[in-house]
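Next come the chains, spelled out residue by residue.
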Amino acid sequence: MRVLIMAGVLVCTVSSSLPAAVSQSAPPGCAQSERHSEFGFWVGEWNVYDREGRFAGRNDVSLRSGDCLIVEEWESAGGGDGTSMNFVDPESGDWRQIWVSANTHIDYSGGLNARGEMILRGEISYFGGDTETTADFRGKWTPLETGRVVQHFQQYDPGSDSWQDWFAGTYVPRGDDPNGTEPDADATGPVIETLTGFD
């Protein structure tokens, strides 16, 4: 009996010392936050075509954690993959993306420009073994009236003192793609004729 009483006292003591947040209901999340909805145009299930219209892969971009987090899950047509987390940094108030794929890491931040495009700037790192190289990096996501999204990445080359295209492609909603939800490897899609700057 004495053991049971002591155990009961211990449980009561531990319970009373837990933070108040543990016993409260779930927080409201970010669905009603205008700032957190700025990147919502990128959320969806996409087929992606490169600048020349060649099928590049599939990208699933979804809201998580009460709409406070956007998770990207990329699978290239060649079998590679990558994942990113996108969120509003509570310290800076900027949008931030952290991307990780095999031997590649990107960390950049920013926000919407006057045209409603998401522009992020930061660094890309290539690592493997005991070596690592970094470079300035920037990305832009442009929502189109058709419901598609154009994505454009550039990496800075200090040797030529210029920005070089790293990737440019068009996101097509998987359900609206004329090539179907699972295009063949040789499928073709929209071609990007021109790309705008990063202002």
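See above for the structure.
As the structure is a prediction and not an experimental result, all values here were calculated from the model.

The next thing to look at is the pairing of strand β3 (residues 69–76). In terms of burial, β3 is largely enclosed, as 6 of its 8 residues are buried. Relative to β3, strand β2 (residues 55–64) is paired through 8 bridges, and the arrangement is antiparallel. Across the sheet, the residue bridging to Gly 57 is Ser 76, located in β3. Hairpin connection from β2 to β3: 4 residues lie between these consecutive antiparallel strands, with Ser 65 at a positive phi of about 50°. Where β3 and strand β4 (residues 81–88) come together, 6 bridges link them in antiparallel fashion. Looking across to β4, one finds that Glu 72 is bridged to Ser 84. Counting the residues between successive antiparallel strands, the hairpin from β3 to β4 contains 4 residues, one of them, Gly 79, with a positive phi of roughly 105°.

Taken in spatial order, the 10 strands line up as β1-β2-β3-β4-β5-β6-β7-β8-β9-β10 and close into a barrel, and their pairing is antiparallel. Geometrically, the sheet is characterised by an average inter-axis angle of 25° between neighbouring strands, direction not taken into account. As judged from the 6 bridges shared by strand β1 (residues 44–50) and β2, these two strands associate in the antiparallel manner. Paired with Tyr 49 across the strands is Phe 55, a residue of β2.

A side chain of one charge can pair with a side chain of the opposite charge if their charged atoms are brought near each other. Going through the model one piece at a time under the given rule, you end up with 11 salt bridges. The salt bridge partner of Glu 182 is Arg 58, with a shortest N-O separation of 3.9 Å. With a gap of 124 residues between them, Glu 182 in the segment after β10 (162–173) and Arg 58 in strand β2 connect regions that are remote in the sequence. Given a relative accessible area of 60%, Glu 182 falls into the exposed group. Here Arg 174 and Asp 60 are joined by a salt bridge, their closest N and O atoms 2.9 Å apart. Pair noted here: Arg 174 is in the segment after β10 and Asp 60 is in strand β2, with a separation of 114 residues, a long-range link. Overall, the relative accessible area of 14% leaves Arg 174 in the buried class. The structure contains a network of salt bridges with shared partners spanning Asp 50, Glu 52 and Arg 54.

A covalent bond between the sulfur atoms of two cysteines is what we call a disulfide. Tallied over the full model, the rule gives 1 disulfide. The disulfide partner of Cys 30 is Cys 68, and the S-S distance across this bridge is 1.9 Å. What sets the handedness of the Cys 30 and Cys 68 disulfide is the S-S torsion sign, and at about 90° it is right-handed. Taken together, the residues span a long stretch of sequence, with Cys 30 in the loop between α2 (20–23) and β1 and Cys 68 in the loop between β2 and β3 at a distance of 38 residues. On the accessibility criterion, Cys 30 (11% relative accessible area) is buried. Look at Cys 68 and you get partly exposed, because its relative accessible area is 27%.

Core analysis: the biggest nonpolar cluster contains 22 residues, and Phe 39, Trp 42, Trp 46, Trp 95, Tyr 108 and Trp 141 have the highest contact counts within it. Where this core is concerned, the elements lending two or more residues are β1, β2, β3, β5 (95–101), β6 (104–112), β7 (118–128), β8 (131–143) and β9 (149–157). Non-local contacts of Tyr 108, meaning those with residues more than four positions away in its chain, are made with Trp 95, Arg 96, Gln 97, Leu 120, Arg 121, Gly 122, Phe 137, Arg 138, Gly 139, Trp 141 and Phe 153.

Here the focus is the packing of aromatic side chains. Evaluation of the coordinates by the stated rule reveals 15 aromatic pairs. Relative to Trp 42, the ring of Phe 39 has its centre 5.0 Å away and its plane inclined at 20°; by these criteria the two rings are stacked. One aromatic cluster in this structure is built from Phe 39, Phe 41, Trp 42, Trp 46, Trp 95, Tyr 108, Phe 137, Trp 141, Phe 153, Trp 166 and Tyr 171. If you follow Arg 138 out to its NZ or CZ, it ends over the ring of Phe 198, 4.4 Å from the centre.

About the criteria used
- Residues numbered from 1 in each chain as written.
- Predicted model: local features only at pLDDT ≥ 70, side-chain atom pairs only at ≥ 80, totals over all residues.
- Heavy atoms only, no water.
- Buried < 20%, exposed > 50% of the residue type's maximum accessible area, 1.4 Å probe, protein only.
- Helix = DSSP H or I, 4+ residues; strand = E, 2+ residues; numbered from the N terminus.
- Pairing = 2+ DSSP bridges.
- Axes fitted to C-alpha atoms, helices over the stretch in contact; angles between N-to-C directions.
- Salt bridge = Lys/Arg side-chain N within 4 Å of Asp/Glu carboxyl O.
- Disulfide = S-S within 2.5 Å.
- Core = buried A, V, L, I, M, F, W, Y, C linked by side-chain atoms within 4.5 Å.
- Contact = heavy atoms within 4.5 Å.
- Phe/Tyr/Trp six-rings, centres within 6.5 Å; stacked < 30°, edge-to-face > 60°.
- Lys NZ or Arg CZ within 6 Å of the ring centre and 35° of its normal.

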